[in-house]
Amino acid sequence: MSTYLSTAAWGVGEAHVTLDGAILDVWYPELGLGEPKESDLEFEPGEDDVLGIETKQVTTVIDSLAEPPKDAADAYLRLHLLSHRIIRPHQANLEGIFGVLENVAWTDLGPLPAAGLDEVRTKLRLEGHRLMVYSVDKFPRMTDYVVPSGVRVADADRVRLGAHLAEGTTVMHEGFVNFNAGTLGTSMVEGRIVAGVVVGNNSDIGAGSSIMGTLSGGGKDVVSIGEGCLLGANAGIGISLGDNCVVEAGCYITAGSKITLPDGQVVKARELSGADNLLYWRNSQTGALEAKPRTGTWGGLNAALHKN
């Protein structure tokens, strides 16, 4: 995995802030690495007593991406840098990000404080507006802030801000990509790419498949998938795949899974983590999980489908 960049970063944008000063979100149309550049942006400040928020222009400067985020504006800049593909997953320190972000109600009128939402809903209803709440979460969907070039996202609700989608990536309706995770090249995503996971070029994350993460506790080793891999439908992994690997549909490999090798030796799957050119499958006669060297190709991605 990449180490944190020690470079500075900057952004100029518009923030939604509660009337008591809590930052709900920040949109950064201008941002970059290094020293801040002059900006011609001028956002008009405003206040809405019904919604209980105000909007204002913010300029954020991060001295070093290797340091953890100091506040919500800092955190949103890091998430924008990831989704704009200015940095890759694991190049910015995101330790403690949940603690600096507010729990926000994401609505048809924009971000609103989750606390006191029923009161706001009642006020709006009396004015003839029925409030639509799309989610209550610390992270918004990526496409409301950043739409990277050359990608397809079938369901915007399933890609969080801070996802890194490389040119040529297709995220289908049941695909999911979390923050600080994503693709490094042309990829098909029909399964779940959780926080921290990166997927190499020309790899396919099959329908209903999953990749174990570290956000909810348990293992600390971040999983990655190499180039030219296929994670079959409804399969799952808790180890990294090297290049040109295949996991059979419906086959789940955790770090502690006992894997039988062609010579009859049995090893824990963690000993094979990151190895290239392997096929993982469950023997339908014995029920044993097996790994064997791969030859040939699984067919690869449909070039026309990913020409975005």
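Before any of the text, the structure's been laid out above.
Note that the structure is predicted; figures quoted are calculated from it, not measured.

*Asks:* Explain the sheet that holds strand E8 (residues 152-153) residue by residue, including any values.
*Replies:* Strand order across the open sheet formed by 10 strands is E8-E10-E13-E16-E19-E21-E25-E26-E23-E24, with mixed pairing between neighbours. Both edges of this open sheet fall to E8 and strand E24 (266-268), since each of them pairs with a single strand only. Relative to E24, strand E23 (residues 258-260) is paired through 3 bridges, and the arrangement is antiparallel. Residue pairing in the sheet places Thr260 in a bridge with Val266 of E24.

*Asks:* Account for the environment of Ile205, naming residues and giving values.
*Replies:* By the secondary structure assignment, Ile205 is in strand E16 (residues 203-205). The class of Ile205 is buried, set by a relative accessible area of 0%. Taking C-alpha positions, Ile205 is 10 Å from Val246, a pair spaced 41 residues apart along the chain. Aside from chain neighbours lying at most four places away, what touches Ile205 is Met188, Val189, Glu190, Gly191, Arg192, Ile193, Val199, Ile211, Ile225 and Leu231.

*Asks:* Help me get a handle on the pairing of strand E2 (residues 23-33), residues and values and all.
*Replies:* Both strand E1 (residues 9-18) and E2 contribute to a ladder of 8 bridges, which runs antiparallel. Paired with Ala9 across the strands is Leu33, a residue of E2. Hairpin geometry of E1 and E2 is characterised by an intervening segment of 4 residues between the two adjacent antiparallel strands and by a positive phi of about 100 degrees at Gly21.

*Asks:* Give me a negative patch on the surface: which residues, what numbers.
*Replies:* On the surface, a cluster of negative charge is made up of Glu38, Asp40, Glu42 and Glu44. Within the secondary structure, Glu38 sits in the loop between E2 and strand E3 (46-48). For Glu38, a relative accessible area of 84% corresponds to the exposed category.

Reading the values: rules and limits
Residues numbered from 1 in each chain as written. Predicted model: local features only at pLDDT ≥ 70, side-chain atom pairs only at ≥ 80, totals over all residues. Heavy atoms only, no water. Pairing = 2+ DSSP bridges. Helix = DSSP H or I, 4+ residues; strand = E, 2+ residues; numbered from the N terminus. Buried < 20%, exposed > 50% of the residue type's maximum accessible area, 1.4 Å probe, protein only. Contact = heavy atoms within 4.5 Å. Patch = residues over 30% accessible without salt bridge, like charges linked within 9 Å, V, L, I, M, F, W, Y side chains within 5 Å. Areas by Shrake-Rupley, 256 points an atom, 1.4 Å probe, with all protein chains shown as cover. Salt bridge = Lys/Arg side-chain N within 4 Å of Asp/Glu carboxyl O. Lys, Arg positive; Asp, Glu negative; His and termini not counted. Charge placed at Lys NZ, Arg CZ, Asp CG, Glu CD.

Geometry only, nothing functional implied.
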